[in-house]
Amino acid sequence: MGSDTEAEKSIQKEKKKPISLAPIAKPLAGKKLQKKTFKLIQKAAGKKCLKRGVKEVVKSIRRGQKGLCVIAGNISPIDVITHLPILCEEAGVPYVYVPSKDDLAQAGATKRPTCCVLVMLKPAKGDLSAEDLQKLKTDYEQVSDDVKELASSVI
């Protein structure tokens, strides 16, 4: 009835139910790659170089914009995202799955759970300073190389 104390809240967080992943969630990022990817998404969100949601991501990829597509693996119904890997492969865009849509949304600076995000090197409007662009580009290339290596080991 009363408000939960800090200890009770931490216990509730630990008791999160296990995430049910979609069977097509391959290549799935490991713990280290997840951490790197979420940091990249946070930086890209701060610089406005991020597209969120299936509709925006599909539109951007079809228009020829390049980037790194990060897809949540616990989407239900799965039909919402089944076309994304094929679209990414045809466009030459690297993609990777992460286990949780909640974590993906948190990294992307939104409260609403997100199915997928597209990390781009160019902001939607305006330009980045050379220093910011260089930082984002080095992180992007590092994560992108890891994703490509993971994808080649899966196939």
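- An unreviewed UniProt entry annotates the protein as H/ACA ribonucleoprotein complex subunit 2 originating from Cardamine amara subsp. amara.
- A UniProt comment under Subcellular location (unreviewed entry) is attached to the protein, and it reads "Nucleus, Nucleolus".
- Taken from UniProt, the Sequence similarities (unreviewed entry) comment for the protein reads in full: "Belongs to the eukaryotic ribosomal protein eL8 family."

### Regarding the overall build of the protein
Logical step 1: Scanning the protein from terminus to terminus reveals six helices and four strands.
Logical step 2: In the protein, the succession of α and β elements from N to C terminus is α-α-β-α-β-α-β-α-β-α.
Logical step 3: For the protein, buried positions account for 39% of its 155 residues.
Logical step 4: In the protein, 83% of the contacts between residues at least 6 apart in sequence involve partners at least 24 apart.
Logical step 5: In the form shown here, the protein has an accessible surface area of approximately 9,900 Å², with 52% of it arising from carbon and sulfur atoms.

### Observations concerning the sheet that holds strand β2 (residues 68-72)
Logical step 1: Across the sheet, which stays open at both edges, the four strands sit in the order β1-β4-β2-β3 with mixed pairing between neighbours. Looking at the sheet topology across the chains shown, the edges are occupied by β1 (50-52) and β3 (95-98). Sheet twist, expressed as the mean angle between neighbouring strand axes with direction ignored, is 20°.
Logical step 2: Across four bridges, β2 lies against strand β4 (residues 116-119) in antiparallel orientation. Note that in β4 the partner of Leu 68 across the bridge is Val 119.
Logical step 3: Along the sheet face, helix α3 (residues 54-62) touches β1, β2 and β4 and points at about 40° away from the line of β4.

### Some details on the packing of aromatic side chains
For any pair of aromatic rings, the description rests on two quantities: the centre-to-centre distance and the angle between the ring planes.
Logical step 1: Enumeration over the complete set of coordinates arrives at one aromatic pair.
Logical step 2: Relative to Tyr 97, the ring of Tyr 95 lies with its centre 6.3 Å away and its plane at 85°, an arrangement referred to as edge-to-face. Pair check on accessibility: Tyr 95 and Tyr 97 agree, each one buried.

The rules we used
- Residues numbered from 1 in each chain as written.
- Predicted model: local features only at pLDDT ≥ 70, side-chain atom pairs only at ≥ 80, totals over all residues.
- Heavy atoms only, no water.
- UniProt positions renumbered as here; feature names shortened; annotations may be inferred.
- Helix = DSSP H or I, 4+ residues; strand = E, 2+ residues; numbered from the N terminus.
- Buried < 20%, exposed > 50% of the residue type's maximum accessible area, 1.4 Å probe, protein only.
- Contact = heavy atoms within 4.5 Å.
- Areas by Shrake-Rupley, 256 points an atom, 1.4 Å probe, with all protein chains shown as cover.
- Pairing = 2+ DSSP bridges.
- Axes fitted to C-alpha atoms, helices over the stretch in contact; angles between N-to-C directions.
- Phe/Tyr/Trp six-rings, centres within 6.5 Å; stacked < 30°, edge-to-face > 60°.

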